[in-house]
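# Observations on the three-dimensional arrangement
Given next are the chains, with one letter for each unit.
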Amino acid sequence: MARPTSAPTGRTLTFDEDEIIVSKTDLRGIITYANDVFVRVSGYGEAELLGAPHNILRHPDMPACVFRLLWETLEQRKEIFAYVNNMAKNGDNYWVFAHVTPSFDGRGRVVGYHSNRRVPYADALEKVKPLYAALLAEEKRHASRQDGIKATMHMLEDVLKGAGMSYGEFVFSLSTQTRLGSAA
Ligand SMILES: Cc1cc2nc3c(=O)[nH]c(=O)nc-3n(C[C@H](O)[C@H](O)[C@H](O)COP(=O)(O)O)c2cc1C
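For the structure given in this document, a descriptive report is provided here. (Residues numbered from 1 in each chain as written. Predicted model: local features only at pLDDT ≥ 70, side-chain atom pairs only at ≥ 80, totals over all residues. Heavy atoms only, no water.)

## Looking at the packing of helix α3 (residues 64-75) against helix α5 (residues 145-163)
Going by this rule: Note on geometry: axes are C-alpha line fits, over the in-contact stretch for helices, and angles between N-to-C directions span 0 to 180 degrees. Only DSSP runs of H or I with at least four residues qualify as helices, and only runs of E with at least two residues qualify as strands; both kinds are numbered from the N terminus onward. To sort the angles, those under 35 degrees are grouped as roughly parallel, those over 145 as roughly antiparallel, those from 65 to 115 as roughly perpendicular, and the leftovers as oblique. Note on definitions: a residue-residue contact is assigned when non-hydrogen atoms from the two residues lie within 4.5 Å. Side-chain classes are defined by residue name, with Ala, Val, Leu, Ile, Met, Phe, Trp, Tyr, Cys and Pro counting as nonpolar, Asp, Glu, Lys and Arg as charged, and the others, Gly among them, as polar.
Viewed as axis vectors pointing N to C, α3 and α5 meet at an angle of 80°, and their least axial separation amounts to 9 Å. Judged on the interaxial angle alone, α5 and α3 are roughly perpendicular. Facing Ala64, Cys65, Arg68, Leu69 and Glu72 of α3, the residues of α5 in contact are Arg145, Gln146, Ile149, Thr152, Met153 and Leu156. Its residues assigned to classes, the contact of α3 with α5 shows 6 nonpolar, 2 polar and 3 charged.

Below is the structure:
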């Protein structure tokens, strides 16, 4: 299916704190399931989403290295949490905090992928935005996409080294807000 032709509008959408945007894909990232929140927030009809590649939501402000990390992690049969800026059908954007996992069959084979997304904490987003802007600026300094991704993967590694954290620890260090049930 063709990518949408909308340009970013600069307007930002949100969704409710207690809502979860859910989608499932096949092994290539083709959407096989979209819940009603996904349909509403993205502005696409269910029939437009099913069978479409997940990059139908790709926002041009997102650094490509985040998606490289996502796919590398899934290929290692692991889960990943990531902040993602998505673009709705009309060009509006919406930020999500996504948890993406492989789905396994009874024999332990990966049969697809599954993502649940919540609205991000505001304090985390204020740290993610400048980081992603810096990664995107570095990516654009390179003539080839591959060189851009390579350079920004190194940049991300340096940020993690500087923070002394794994990627997983880093992602959860971004918000200081706690939920009910957090360890005291
Ligand atoms: C389960 C799953 C959910 C995904 N969700 C999103 C998403 O919400 N937004 C997005 O831009 N990419 C998402 N992706 C990643 C896309 O498949 C794709 O790698 C990304 O949009 C970059 O596209 P591009 O390589 O064509 O630039 C998801 C992938 C999987 C497997």
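From this point, the discussion proceeds with the structure in view.
## Thoughts on the nonpolar core
For soluble globular proteins, nonpolar side chains are generally found buried alongside one another. So the rule is basically this: What makes a nonpolar core is a set of buried Ala, Val, Leu, Ile, Met, Phe, Trp, Tyr and Cys residues whose side-chain atoms join them at distances within 4.5 Å. Throughout, exposure labels follow a simple rule: accessible area from a 1.4 Å probe, protein chains only, divided by the maximum for the residue type, with under 20% read as buried, over 50% as exposed, and the rest as partly exposed.
Core analysis: the biggest nonpolar cluster contains 45 residues, and Ile21, Phe38, Tyr83, Tyr94 and Tyr132 have the highest contact counts within it. Among the elements of the structure, β2 (31-34), α1 (36-42), α3, β3 (80-87), β4 (93-104), α4 (122-140), α5 and α6 (167-173) are those that each provide at least two residues to this core.

## Focus: the packing of aromatic side chains
The criterion, for reference: Stacked, tilted and edge-to-face pairs are distinguished by plane angle, under 30 degrees for stacked and over 60 for edge-to-face with tilted covering the rest, among Phe, Tyr and Trp rings (Trp via its six-membered ring) whose centres lie within 6.5 Å.
Evaluation of the coordinates by the stated rule reveals 6 aromatic pairs. With a centroid separation of 5.5 Å and 90° between ring planes, the pair formed by Trp71 and Tyr113 is classed as edge-to-face. Separated by 42 residues along the polypeptide, Trp71 in helix α3 and Tyr113 in strand β5 (residues 110-118) bring together distant segments of the chain. For Trp71, a relative accessible area of 30% puts it in the partly exposed group. Plain terms: the ring middles of Phe81 and Phe97 are 5.8 Å apart, the flat faces sit at 25° to each other, and that makes the pair stacked. Of the two residues, Phe81 is situated in strand β3 and Phe97 in strand β4; the sequence distance between them amounts to 16 residues.

## Re the pairing of β5
What counts is decided by this rule: Note on pairing: two strands pair once DSSP finds at least 2 bridges between them.
The pairing of strand β1 (residues 21-25) with β5 spans 5 bridges and is classified as antiparallel. Residue pairing in the sheet places Ile21 in a bridge with Arg117 of β5. Direction of pairing for β4 relative to β5: antiparallel, over a ladder of 8 bridges. Within β5, the residue paired with His99 across the bridge is Asn116. The turn joining β4 and β5, which pair antiparallel and follow one another in sequence, is formed by 5 residues; a positive phi near 80° is taken by Gly108.

## Focus: the environment of Lys127
Inspection of the secondary structure puts Lys127 in helix α4. Not counting chain neighbours up to four residues away, the residues in contact with Lys127 comprise Ser173 and Leu174.

## Some details on the site of the ligand
Keep this limit in mind: Residues are labelled near a given molecule or strand when at least one of their non-hydrogen atoms is within 4 Å of it. Two N or O atoms form a polar contact when they lie within 3.5 Å of each other; inside protein one atom must be a possible hydrogen donor and the other a possible acceptor, and for residues adjacent in sequence the pair counts only when both atoms belong to side chains. Method for areas: the Shrake-Rupley scheme with a 1.4 Å probe, in which residue coverage is limited to the protein chains shown.
Surveying the vicinity of the ligand reveals 16 residues, the closest of which are Asn55, Arg58, Trp71, Asn86 and Arg117. Between the ligand and Arg117, the relevant distance is 3.2 Å, taken from a nitrogen atom to a side-chain nitrogen or oxygen of the residue. Separating an oxygen atom of the ligand from a side-chain N or O atom of Arg145 is a distance of 3.4 Å. About the coverage of the ligand: the protein hides 88% of its 620 Å² of free accessible area. Those elements giving two or more residues to the shell around the ligand turn out to be α3, β3 and β5. A per-class count over the shell around the ligand returns 7 nonpolar, 6 polar and 3 charged.

These results come straight from atomic positions and should not be treated as a statement about function.
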